[in-house]
Amino acid sequence: MSKRTHNLNLLFQKVVERFGEKDALCFESRCYTYHQLNEDAQRCMWGLLHNKVYQRQVVALPATKSYEVYVALLAALRLGVPYSFYDTKSPLDRVLSQLEVLGDPLVVMDEADGSLQRDTIQNQYHCHELSTVCKLDRTLEEFSSDSLQRVGDTTIAYIMFTSGSTGTPKGVSISHGNLLYLISWIKEKVGVTAEDRLSGLNKQYFDNSVFDLYGSLFTGATLYPVADELLIDSASLFDYLEKQKISVWFSVPSLLVYHLSMAAKRVVALSSIRKILFGGEVFPKPSLKQLWEGYQGRPVELINVYGPTECTCICSMYPLKEEDFAPEKMEQIAPLGEVSDYFSYAVVDQENRPVATGEVGELTLGGGAVGKGYWGREDLSEKVFVSNPSSPYLKDLYYKTGDLVREQACGQVEFISRVDYQIKHMGHRIELPEIESVVLAGAEIVEACAVYKQIGSSGYIQLYYHGAVEEEVVIALLEKKLPAYMRPRKIDKMDGLPKNKNGKIDRKKLGEL
């Protein structure tokens, strides 16, 4: 990063100057150049200003993949106003809880999406239609380039929600400076160039989408947002990716596993692909080997990436090698790889003291890509954003990931387990206590415990509860409060949950049932 490029807006202007006539965003029916995108973002910026966005701190955007949504987030970045995505298909209560965390946001609504109970939100928040805010036929008004300089590297760019153990989602605050580090890493380490075509497979509210967006529009590459309905149709999806000559794929492993099971020959037949990245959960080794063997003899890299939302999504990568599929390694998961040069890190014990190489400890991450805490929740931030474990008197912050790892002598880091009851399911980070808190809020429910059960290459959430209500009541509670990916697949009513010797619910025993 040069000294002058201290925010995303300045970097984007450099990309526009260099690649202005090149396609930035391509949809099934139309492509938009960098010049078009830049001018439309400027029009939308004035739309946000006319609606007094500065008074509202945050712009809440619908998590759709329309051109106008990309325009709106670039407009918000230009103003130095954070954006945050809300899932229009989530239960209304969950959307409202996220908006409450944001404070008094300007809520942008997509009139084309009728899945959300719009009236309730409009009665509580300052709302505008996407087509009104981003009126793309608006006369283009000048905007001083000097104004772009005013956005600092610590200015929050976006707020990404993750599961919260108390039942309230946590909003992770990521700054312009954090993202500049990520973009540099994508270019230097992953090797994304302006010639690449990235698959926009990930949902906007999911942190993998950060790679899609910032790894394309801020490098001069082209992003191809993929419609949600294509994600479950193997034939249509891979026909589309082949037609568009996609060169970089990034998704959760479960999406690749699904398509390998449905149409393996199509998955390994992408003629333009050169890099397949995956992260967010463990990739079952047999399926990973199937993918590896399918692309043998071709210059295609398979890359396992790792990183928490709180650290701008990615902090390490591991390119797979042939030796990783030796018989004696088929029971091992892919390593996390070496931590990026943009991070400092320490593996620590329960007292926050660094452990020796080869010993298991919690991974803590420091450096310029560590986020700025949880929006509006200093109490939660102080628990996991801590002083440098190696030099506690320094003021630089480290993030406690909650992941137990082992660092090898060669510098590779391998994942062991979690220190708490957080899981990764379908790529989503889920706090099991959040599911329990939703159930326990219901009348006549005495106890509840959610466990994650692994079966072969996949897993599922199972809920056990003790109470006077039937399963249908519990299901209704869950559907009202939680998105589909957080809801248990199985629910069992018990006369009482088993306890350990300390009188606490015996999670281990429930996990073995």
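Cut-off values and rules
Residues numbered from 1 in each chain as written. Predicted model: local features only at pLDDT ≥ 70, side-chain atom pairs only at ≥ 80, totals over all residues. Heavy atoms only, no water. Salt bridge = Lys/Arg side-chain N within 4 Å of Asp/Glu carboxyl O. Helix = DSSP H or I, 4+ residues; strand = E, 2+ residues; numbered from the N terminus. Buried < 20%, exposed > 50% of the residue type's maximum accessible area, 1.4 Å probe, protein only. Pairing = 2+ DSSP bridges. Axes fitted to C-alpha atoms, helices over the stretch in contact; angles between N-to-C directions.

A.B. asks: How would you explain the pattern of salt bridges if you had to name every residue and give the values?
C.D. replies: What the rule picks out here adds up to 20 salt bridges. In this structure, Lys203 and Asp228 form a salt bridge, with 3.3 Å as the shortest nitrogen-oxygen distance. Of this pair, Lys203 sits in the loop between strand S9 (197–200) and helix H9 (208–214) while Asp228 sits in the loop between strand S10 (222–225) and helix H10 (234–243), and the two are 25 residues apart along the sequence. With relative accessibility at 30%, the residue Lys203 sits in the partly exposed group. A relative accessible area of 33% places Asp228 in the partly exposed class. Salt-bridge contacts for Glu310 lead to Arg429; the nearest nitrogen and oxygen are separated by 2.6 Å. Of this pair, Glu310 sits in the loop between strand S13 (301–306) and strand S14 (316–319) while Arg429 sits in strand S22 (residues 428–431), placing them 119 residues apart in sequence. Taken individually, Glu310 and Arg429 each receive the classification buried, so the pair is uniform in this respect.

A.B. asks: Quick rundown of the sheet that holds strand S25 (residues 490–493)? Include the residues and the values.
C.D. replies: Pairing between the strands of a sheet is mediated by backbone hydrogen bonds and can be parallel or antiparallel. Taken together, the 3 strands give an open sheet; going across it, the order is S23-S24-S25, and neighbouring strands pair in mixed fashion. Both edges of this open sheet fall to strand S23 (445–455) and S25, since each of them pairs with a single strand only. Ignoring which end each strand starts from, the neighbouring axes of this sheet average 20 degrees apart. Two elements, S23 and strand S24 (residues 458–467), share 10 bridges in a ladder whose sense is antiparallel.

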